[in-house]
Amino acid sequence: MIAILLFILAGIGEIGGGYLIWLWLREGKPFYWGIVGGIALALYGVVATFQSFPTFGRVYAAYGGVFIVLSILWGWGIDGKKPDHLDFIGAGICLIGVIVILLPRS
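A quick note: this is a predicted structure, and the numbers were derived from the prediction, not measured. (Residues numbered from 1 in each chain as written. Predicted model: local features only at pLDDT ≥ 70, side-chain atom pairs only at ≥ 80, totals over all residues. Heavy atoms only, no water.)

On to the nonpolar core. Grouped together as the largest cluster of nonpolar side chains are 12 residues: Leu 6, Phe 7, Ala 10, Ile 15, Tyr 44, Val 47, Val 59, Ala 62, Tyr 63, Val 66, Leu 70 and Val 98. Breaking this core down by element, the ones donating at least two residues are α1 (2-27), α2 (31-48) and α3 (56-77). When residues in this core are grouped by element, the largest group, five residues, is from α3. Setting aside residues up to four positions removed in sequence, Val 66 forms contacts with Phe 7 and Val 98. (Core = buried A, V, L, I, M, F, W, Y, C linked by side-chain atoms within 4.5 Å. Buried < 20%, exposed > 50% of the residue type's maximum accessible area, 1.4 Å probe, protein only. Helix = DSSP H or I, 4+ residues; strand = E, 2+ residues; numbered from the N terminus. Contact = heavy atoms within 4.5 Å.)

This is the structure:
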């Protein structure tokens, strides 16, 4: 459960930070939106290190699948772009990949 929470927190930091920088540079928001976005991106990198999995590559590979799902949900919830059936299928495939990557090894 902690792993899922950490992945979600990292995703919010990365996606939210990138979104704030996007709004600053592409939508003309004030520069401090970009500063806050940069801080959020830095915090995302720190949050990911709290995972208990033994290797950097495995954590980031699994996080990549979670990131994809969270990005689709962000687009739906924040940008109002409802995912289509292929988005849902792709997100499901990614979550299966996350599970496979994080399976215990002997």
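In a regular helix each residue adds 1.5 Å, so 18 residues correspond to 26 Å; helix α4 (residues 85-102) covers 26 Å between its end C-alpha atoms and thus fits that length. Among the structural elements, α3 are those in contact with the buried residues of α4. With a side-chain oxygen positioned 3.0 Å from the backbone nitrogen of Leu 86, the residue opening α4 is Asp 84. (Expected span 1.5 Å × (residues − 1). Polar contact = N/O pair within 3.5 Å; in protein donor to acceptor, adjacent residues only side chain to side chain.)

Let's shift gears to the packing of aromatic side chains. Evaluated as defined, the whole model comprises eight aromatic pairs. Here Phe 7 and Tyr 63 contribute two aromatic rings whose centre-to-centre distance is 6.2 Å and whose plane-to-plane angle is 25°, an arrangement assigned as stacked. Of the two residues, Phe 7 is situated in helix α1 and Tyr 63 in helix α3; the sequence distance between them amounts to 56 residues. Each of the two residues, Phe 7 as well as Tyr 63, counts as buried. Centre to centre, the rings of Trp 76 and Phe 88 are 5.8 Å apart; their planes meet at 75°, and the pair counts as edge-to-face. Residue Trp 76 is found in helix α3, and its partner Phe 88 is found in helix α4; the two are separated by 12 residues along the sequence. (Phe/Tyr/Trp six-rings, centres within 6.5 Å; stacked < 30°, edge-to-face > 60°.)

The N-to-C vectors of α1 and α2 enclose an angle of 155°; their axes lie 7 Å apart at closest approach. Comparing the axis directions of α1 and α2 gives the class roughly antiparallel. Crossing handedness for the pair α1 and α2: left-handed. Judged by residue contacts, Leu 6, Leu 9, Ala 10, Gly 13, Glu 14, Gly 17, Gly 18, Leu 20, Ile 21, Leu 23 and Trp 24 of α1 engage Phe 31, Trp 33, Gly 34, Val 36, Gly 37, Gly 38, Ala 40, Leu 41, Tyr 44 and Val 47 from α2. (Axes fitted to C-alpha atoms, helices over the stretch in contact; angles between N-to-C directions. Parallel < 35°, antiparallel > 145°, perpendicular 65-115°, else oblique. Left-handed = near helix turned anticlockwise from the far one by under 90°.)

A word on the side chain of Glu 14. Mapping Glu 14 onto the fold places it in helix α1. Despite being buried, Glu 14 has no salt bridge partner; Arg 26 is the closest side chain of opposite charge, sitting 16 Å away. Excluding residues within four positions of it along the chain, Glu 14 makes contact with Leu 41, Tyr 44, Tyr 63 and Phe 67. (Lys, Arg positive; Asp, Glu negative; His and termini not counted. Salt bridge = Lys/Arg side-chain N within 4 Å of Asp/Glu carboxyl O.)

Without other data, these values stay purely geometric and don't point to any function.
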